Amino acid sequence: WISREERQIYQANFRSEILDVKRLLREKGPDSMTSDDIIRCVGIERFLSDTFCRRVINQRREYNEAVLNEIRRQAVLGVHDEVSIRRVSERLSEWYCERAHSIAMRYCTME
């Protein structure tokens, strides 16, 4: 486990990195970023835009609610249908898959 102090240091460094990348985006613009600049964005993409962050949060909430609602529906009916739960999950995961593909394609063009 990490100590409270270590967690605070990590969080401060993480916030600092996000602010640095946001500043970089403002100064350079997304089209003139180097490969190294883009690599710095890996894992923090959703924190770089308040609008995008809200969208990710809403997508996650919608996904969780839909899967849990399907599980509750099945419990009321006294059934357990993994295929139906998987379909709900897959349908709502499309956005994440498309986003991951888009990011991967951007990284592929860096070479």
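In what follows, the structure referred to is the one given above.
All values derive from a computational prediction rather than experimental measurement.

Calculation notes
- Residue numbers run consecutively from 1 along every chain, following the written order of its sequence.
- Given that the model is predicted, a residue must reach a pLDDT of at least 70 before its local features are reported, and side-chain atom pairs must reach 80 or more before they are shown or counted; all residues, however, enter totals for whole chains, interfaces and linings.
- To get the side-chain values, all heavy atoms of the structure are used, and hydrogens and water are removed first.
- Only DSSP runs of H or I reaching four residues or more are called helices, and only runs of E reaching two or more are called strands; each is numbered from the N terminus.
- Here a helix's expected span is defined as the number of its residues, less one, multiplied by 1.5 Å.
- Accessibility here uses a 1.4 Å probe with only protein chains present; expressed as a share of the type maximum, an area under 20% marks a residue as buried, one over 50% as exposed, and anything in between as partly exposed.
- Residue contacts are counted whenever heavy atoms from the two residues lie within 4.5 Å of one another.
- We define a salt bridge as a side-chain nitrogen of Lys or Arg found within 4 Å of a carboxyl oxygen belonging to Asp or Glu.

Colleague: Which parts of the structure should I look at to understand helix H1 (residues 4–28)?
Modeller: At 3.6 residues per turn, the α-helix brings residues three or four places apart onto the same side. A rise of 1.5 Å per residue sets the reference length of H1, with its 25 residues, at 36 Å; its end C-alpha atoms lie 36 Å apart and thus fit the reference within 8%. Residues of H1 that are buried: Ile 18, Val 21 and Leu 24. Along its buried surface, H1 packs onto helix H2 (35–40). Positive phi shows up at Gly 29, right after H1, with a value of about 85 degrees.

Colleague: Sorry if this is basic, but what is going on with the pattern of salt bridges here?
Modeller: Pairing between side chains of opposite charge can happen when their charged atoms approach one another. Here the structure, examined in full by the defined rule, presents 4 salt bridges. A salt bridge links Glu 70 to Arg 73, with the shortest nitrogen-to-oxygen separation between them at 2.7 Å. Residue Glu 70 and its partner Arg 73 are both found in helix H3 (residues 50–77); the two are separated by 3 residues, about one turn of the helix. Using a relative accessible area of 9% as the deciding quantity, one classes Glu 70 as buried. Of the charged contacts, one joins Glu 90 and Arg 86 as a salt bridge, the two residues approaching to 3.4 Å between their closest N and O atoms. Here the residue Glu 90 and the residue Arg 86 both occupy positions in helix H4 (residues 82–108), the gap between them amounting to 4 residues, near one helical turn. Accessibility expressed as a relative area gives 45% for Glu 90, which makes it partly exposed. Looking at Arg 86, the relative accessible area reads 46%, which means it is partly exposed. Here the salt bridges do not stand alone but share partners, grouping Asp 20, Arg 23 and Glu 27 into one network.

Honestly, it's all geometry; don't read function into it.
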